[in-house]
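Each chain, written out:
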Amino acid sequence: MDFLNIINRLKLNRDLPDEDLKLLIDSAEANELLASAADEIRRKNYADEVYIRGLVEFSNICKNNCYYCGIRCSNAKAVRYRLSKEDILDCCSEGYELGFRTFVLQGGEDPHFTDEVMCDIISSIRNLYPDCAITLSVGERSKESYQAYFNAGANRFLLRHETATDDHYSRLHPDDLSLVNRKKCLFHLKEIGFQVGSGFMVDSPYQTTENLVADLRFLQELQPDMIGIGPFIRHEDTPFANFESGSLYKTLRLVSILRLMFPYALIPSTTALGTIHSQGREMGLRAGANVVMPNLSPKRVRELYMLYDNKISTDEEAAESVEKLKKKVESAGYRVVTARGDVKK
Ligand code: SAM
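Residues numbered from 1 in each chain as written. Predicted model: local features only at pLDDT ≥ 70, side-chain atom pairs only at ≥ 80, totals over all residues. Heavy atoms only, no water.

### Focus: the overall build of the protein chain
Rules: The numbering of helices and of strands both runs from the N terminus, where a helix is a DSSP run of H or I of at least 4 residues and a strand a run of E of at least 2. Only the C-alpha atoms count toward the radius of gyration. The rule for a globule is 2.2 Å times the residue count to the power 0.38. Only protein chains enter the area calculation, which uses a 1.4 Å probe; residues under 20% of their type maximum are buried, those over 50% are exposed, and those in between are partly exposed. In what follows, a contact means two residues having at least one pair of non-hydrogen atoms within 4.5 Å.
Within the protein chain, the regular secondary structure consists of 14 helices and 9 strands. On C-alpha atoms alone, the protein chain measures out to a radius of gyration of 19 Å, which is about the 20 Å that the 2.2 N^0.38 rule sets for 345 residues. In terms of overall dimensions, the protein chain has a C-alpha envelope of 55 × 45 × 35 Å along the principal axes. Per-residue burial over the protein chain gives 62% buried out of 345 residues. For the protein chain, contacts bridging at least 24 residues in sequence account for 75% of all contacts bridging at least 6.

Right under this line is the structure:
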C-alpha cells in the first residue's frame, strides 16, 4: 500500500475519500509517515510552540449518566466535591503566577452552577485577569446561558461531540441525551462567537471505523478551533467496566490525521493519552498536537475527578510542576510558551 501517496494527498487537499481515511485510521504501518507529515504541518503553522492551559476541575457532580464516565450520576462510589468561587479564584491566582494565560473551567453538569453563579465566577476572573482567555467545559446549556457566559467574559468552550453517528451516540448515552442536541449546542456556541472545541473518544465501545470517519466529517462541517481526542479508558464503576481501553497508536494516527485536515487547529495532547502510556503526552505532541492542559485544581480534589481508571495526577500533570513539564516538552522537540495561544486561522 502506498501510504506516502495517500498522506501526501491528505496534506495537499486537507481531505480524502472515506476509504482512504479508513485505511489510514486502521493501518499501524502508517504511524511514522503520518506523524512526520503532521509534524511538518504543525511546524509550518505553529513552529515548535506548545500552549499550556491551566485546567480547573471545579465539580465532579453531574446530573448526566453517560455510560462511559466515572462521574456519571449513578456511580454511588464516586466521592463528590464542588469548588467554591474562592477556591476557583485561588486556582487562577496560582496559575497566573506560574505563567498560565488560559484557564479552563471544566466540570460535570452540576445544577449548583446556575447561570448566575457561573457568570459571577466568569466575570470575577475576567476582571482580575483581563489578559487571559477563559475556557469553559460545562456541557449542554441553552443558547441564552451560553450567551450570558460569553457576555460575562468567557472566550472559548470545549464540548466534545463524542460520536457523530446517531445510533452509536445512543449506545454511549441514556435516552435523555441526544446527538441532535449536542450538535445544536455546538452551533449555538459558534454563532455566539466562542472559539469552539469539539472531539471524540477513540475506541469507545461499539465504535467502528465508519463512526470515526463520520466524526471527521462532522468536524469538517463544524470547523472547530480546538479538537480534543483521547482513547476511551474503562472505569470499573460504570456499565462499560468490561470493555477494553482504547489503542494508543490509533489515537496518535487520528491526532496526525486531524492535524493534516485542520492545520490551524489547537489540538491538545490529552490526559487520557498520558494515562494509557507513560510517554503518551510526548507521543501526542510528536503526532501533531500543540497544547497541554496541566491540572490547576487543588491537590485535595485531584484524585476525585476520576473520569476513568488510573487517571494520572502525577507531578508532570500538575500545573505547579511547570518546569518539569517544560523539560518534557523540550525532550519531545518543542517549546512551552506563555501566551494566550489563540487559534491561528
Ligand atoms: N460535562 C462536560 C461535558 O460533557 O463536556 C465536561 C466534562 S466531561 C467528563 C469531559 C470529557 O471526558 C468528555 O467529553 C469525554 O469525552 C471524556 N471522558 C469521560 N469518560 C471517559 C472515559 N471513560 N474515557 C475517556 N474519556 C472520557
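### Regarding unusual backbone geometry
With phi around 75 degrees, Glu 162 is a residue other than glycine that occupies positive phi space. Positionally, Glu 162 belongs in the loop between strand S5 (156–158) and helix H7 (166–172).

### Some details on the packing of aromatic side chains
Put simply, the rule reads: Geometry of aromatic contacts follows a simple scheme: Phe, Tyr and Trp rings, the Trp one being its six-membered ring, pair when their centres are within 6.5 Å, and the pair is stacked under 30 degrees between planes, edge-to-face over 60, tilted otherwise.
Applying the stated criterion across every chain yields a total of 14 aromatic pairs. Relative to Phe 240, the ring of Tyr 206 lies with its centre 6.3 Å away and its plane at 75 degrees, an arrangement referred to as edge-to-face. Of this pair, Tyr 206 sits in the loop between strand S6 (195–202) and helix H9 (209–222) while Phe 240 sits in the loop between strand S7 (226–231) and helix H10 (248–261), and the two are 34 residues apart along the sequence. When the ring of Phe 262 is compared with that of Tyr 264, the centres are 6.4 Å apart and the planes differ by 85 degrees; the resulting orientation is edge-to-face. The burial state of Phe 262 is the same as that of Tyr 264; both residues are buried. Among the aromatic residues, ring-to-ring pairing joins Tyr 67, Tyr 206, Phe 232, Phe 240 and Phe 243 into one connected group.

### Structural notes on H10
What counts here: Here, expected helix span is obtained from the residue count minus one, scaled by 1.5 Å. Counted as a polar contact is a pair of N or O atoms within 3.5 Å, where, for protein atoms, one must be capable of donating a hydrogen and the other of accepting one, and residues adjacent in sequence contribute only when both atoms are in side chains.
In this model, H10 (14 residues) spans 20 Å end to end at C-alpha, consistent with the 20 Å of a helix rising 1.5 Å per residue. Of all the 14 residues making up H10, 13 are buried; the element is thus mostly covered by neighbouring parts of the structure. Backbone nitrogen of Tyr 249 and a side-chain oxygen of the N-cap are separated by 3.3 Å at the start of H10; the cap is Ser 247.

### Here we look at the sheet that holds strand S1 (residues 49–52)
We count it as follows: For two strands to be treated as a pair, DSSP must find at least two bridges joining them.
If you walk across this open sheet you meet the 3 strands as S8-S1-S9, and the pairing is parallel. Among the strands making up the open sheet, the edge pair consists of strand S8 (291–292) and strand S9 (335–337). The pairing of S1 with S8 spans 2 bridges and is classified as parallel. Paired with Tyr 51 across the bridge in S8 is Val 291.

### Remarks on the pairing of S1
With burial as the criterion, each face of S1 is covered, one bearing Glu 49 and Tyr 51 and the other bearing Val 50 and Ile 52. Pairing geometry for S1 and S9, over 3 bridges, is parallel. For Tyr 51, the partnering residue across the bridge sits in S9 and is Val 337.

### Some thoughts on the site of the ligand
Stated precisely, the cut-off is as follows: Throughout, near means a residue has at least one heavy atom within 4 Å of the molecule or strand. Accessible surface area values rest on a Shrake-Rupley calculation with a 1.4 Å probe, where residue burial reflects the displayed protein chains alone. Three classes are used, and their members are as follows: Ala, Val, Leu, Ile, Met, Phe, Trp, Tyr, Cys and Pro are nonpolar, Asp, Glu, Lys and Arg are charged, and the others, Gly among them, are polar.
Taken together, the neighbourhood of the ligand is formed by 17 residues, with Tyr 68, Gly 107, Arg 160, Glu 162 and Ile 233 sitting nearest. One of the backbone nitrogen or oxygen atoms of Gly 107 is found 3.0 Å away from a nitrogen atom of the ligand. When the ligand is considered free in solution it has 570 Å² of accessible area, and contact with the protein chains removes 92% of it. Here the residues of the shell around the ligand sort into 10 nonpolar, 4 polar and 3 charged.

### Brief notes about the pattern of salt bridges
As a reminder of what qualifies: A carboxyl oxygen of Asp or Glu within 4 Å of a side-chain nitrogen of Lys or Arg is what we treat as a salt bridge.
With the rule as written, the count across this model stands at 26 salt bridges. Between Asp 342 and Arg 340 there is a salt bridge; the shortest N-O distance is 3.1 Å. Classification of Arg 340 as partly exposed rests on a relative accessible area of 25%. Look at the salt bridges and you will find they share partners, linking Asp 48, Glu 49, Arg 335 and Lys 344 into a network.

### Quick notes on helix H2 (residues 18–26)
Looking at H2, one finds that the buried residues are Asp 20, Leu 21, Lys 22, Leu 24 and Ile 25. As for H2, its buried residues are in contact with helix H1 (3–13), helix H3 (31–46), H9 and H10.

### Regarding the packing of helix H4 (residues 85–98) against helix H5 (residues 115–128)
The criterion, for reference: In this analysis, axes come from line fits to C-alpha atoms, helices being fitted only over the stretch in contact, and the angle between any two N-to-C directions falls in the range 0 to 180 degrees. Should an angle fall under 35 degrees it is called roughly parallel, over 145 degrees roughly antiparallel, and 65 to 115 degrees roughly perpendicular, with every other angle called oblique. Throughout, a crossing is termed right-handed when the near helix is turned clockwise from the far one, and left-handed when it is turned anticlockwise from it by less than a right angle.
For the pair H4 and H5, the least separation of the axes is 11 Å and the interaxial angle reads 30 degrees. By the angle between their axes, H4 is roughly parallel relative to H5. For the element pair H4 and H5, the recorded crossing hand is right-handed. Across the interface between the two elements, Lys 85, Ile 88, Leu 89 and Cys 92 from H4 touch Asp 120, Ile 121, Ser 124, Ile 125 and Leu 128 from H5.

### Some details on the side chain of Ser 137
As for its position among the elements, Ser 137 is in strand S4 (residues 133–137). For Ser 137, a relative accessible area of 10% translates into the label buried. Polar contacts involving the side chain of Ser 137 include one to the main-chain carbonyl oxygen of Leu 158, which spans 3.4 Å.

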